[in-house]
Amino acid sequence: MGYSNWNELTDQENRILDQWDRLTKQENRISERWKKLTEQEQKKKMPVVNIALVVINVAVWCIMELLGDTLDGAFIAEYGGMHPQLLLNGEWYRLFTAMFVHFGAEHLANNMILLAAAGGRLEMEVGHVRYLFIYLGSGIAGNLLSYSVMMRTGEYAVCAGASGAVFGMIGALVWVSVRNKGKFEGLTTRGLLFMIALCLYYGITTAGVDNWAHIGGAACGFLLCLFLCKITECLKLLKKVYILCTKK
């Protein structure tokens, strides 16, 4: 009897050890999966699009500075700046390229500081794809409004810079703040509107600032963010309805 009981205990101990090994392996697999998910989540949380846009703008300016004088209007127009006459000649791509061209280091620094401060927060809230869409859409809209005003007044000038897109980021943040009951990550709707007003006042009192691009960019950023957020909510609702309807 003693020998039999000992064998039974040994068998039970072996089974427990086997189960422990299996649990340990499962725990290791879960840990690895969790680590991968955490890494993926961290990548998602990084404002990679905003960082890329800042890098591209700075790189373009550095290359252009090596090629010529970025304070020269004719040089800027030659390398992607926007001018009404060039658009009338069919070069509509300049509505896009002008966003990445800047008049000198100060112009670049002002835009990139604002973009780095506002863009990262917005990208984390709306996601990479929607952020890029808002940025490009606001920049093009700002340039279009500027072009329209110049065509109406007849006062032509070479225009360039990311300020229309940057104001679009601020306009989009206004919507995000409104959606979050007036506050978002330390920012308030009133504070953001005051910031826009202050920048526009600076543009009015300073020569060579394209305020119409700023206004067009801010308005477009606000509307695009509103539309994209609302359509995403509608799509999520439709998906839930579809799942409920297809359940057996």
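Small disclaimer: the values here were computed from a predicted structure and weren't measured.

The rules we used
- Residues numbered from 1 in each chain as written.
- Predicted model: local features only at pLDDT ≥ 70, side-chain atom pairs only at ≥ 80, totals over all residues.
- Heavy atoms only, no water.
- Helix = DSSP H or I, 4+ residues; strand = E, 2+ residues; numbered from the N terminus.
- Buried < 20%, exposed > 50% of the residue type's maximum accessible area, 1.4 Å probe, protein only.
- Contact = heavy atoms within 4.5 Å.
- Patch = residues over 30% accessible without salt bridge, like charges linked within 9 Å, V, L, I, M, F, W, Y side chains within 5 Å.
- Areas by Shrake-Rupley, 256 points an atom, 1.4 Å probe, with all protein chains shown as cover.
- Salt bridge = Lys/Arg side-chain N within 4 Å of Asp/Glu carboxyl O.
- Axes fitted to C-alpha atoms, helices over the stretch in contact; angles between N-to-C directions.
- Parallel < 35°, antiparallel > 145°, perpendicular 65-115°, else oblique.
- Left-handed = near helix turned anticlockwise from the far one by under 90°.
- Nonpolar A, V, L, I, M, F, W, Y, C, P; charged D, E, K, R; others polar.
- Expected span 1.5 Å × (residues − 1).
- Arc of directions from axis to C-beta.

Q: Kindly report on the overall build of the protein chain, identifying the contributing residues and their values.
A: Each helix and strand in the protein chain was counted, giving ten helices and two strands. Reading the secondary structure of the protein chain in the N-to-C direction produces α-α-α-α-α-α-α-α-β-β-α-α. The buried share of the protein chain, reckoned over its 248 residues, is 33%. The long-range fraction of contacts in the protein chain, counting pairs at least 24 apart against all pairs at least 6 apart in sequence, stands at 76%.

Q: How would you summarise a nonpolar patch on the surface if you had to cite specific residues and measurements?
A: Taken together, the side chains of M46, V48, I51 and V55 define a hydrophobic patch exposed on the protein surface, amounting to about 330 Å² of accessible area. Tracing the backbone through its elements, the reader meets M46 in the loop between α1 (2–45) and α2 (48–67). Accessibility expressed as a relative area gives 42% for M46, which makes it partly exposed.

Q: Describe the packing of helix α7 (residues 128–153) against helix α8 (residues 163–179), with residues and values.
A: Interaxial distance between α7 and α8 falls to 7 Å at its minimum, and their mutual angle equals 125°. When the axes of α7 and α8 are compared, the pair comes out oblique. For the crossing formed where α7 meets α8, the hand is right-handed. Of the residues in α8, those in contact with Y131, I134, Y135, S138 and G139 of α7 are G164, A165, G168, M169 and A172. Per-class residue counts for the contact of α7 with α8 are six nonpolar, four polar and no charged.

Q: Could you give an account of α2, naming the residues involved and the relevant values?
A: Given a rise of 1.5 Å per residue, 20 residues ought to cover 28 Å, and the 28 Å separating the end C-alpha atoms of α2 matches this to within 8%. Listing the buried residues of α2 in full gives V49, N50, L53, V54, N57, W61 and M64. Each buried residue of α2 sits inside an arc of 145° when the element is viewed along its axis, so together they form one side. For α2, the exposed residues set more than 90 degrees away from the buried face come down to V55, L66 and L67.

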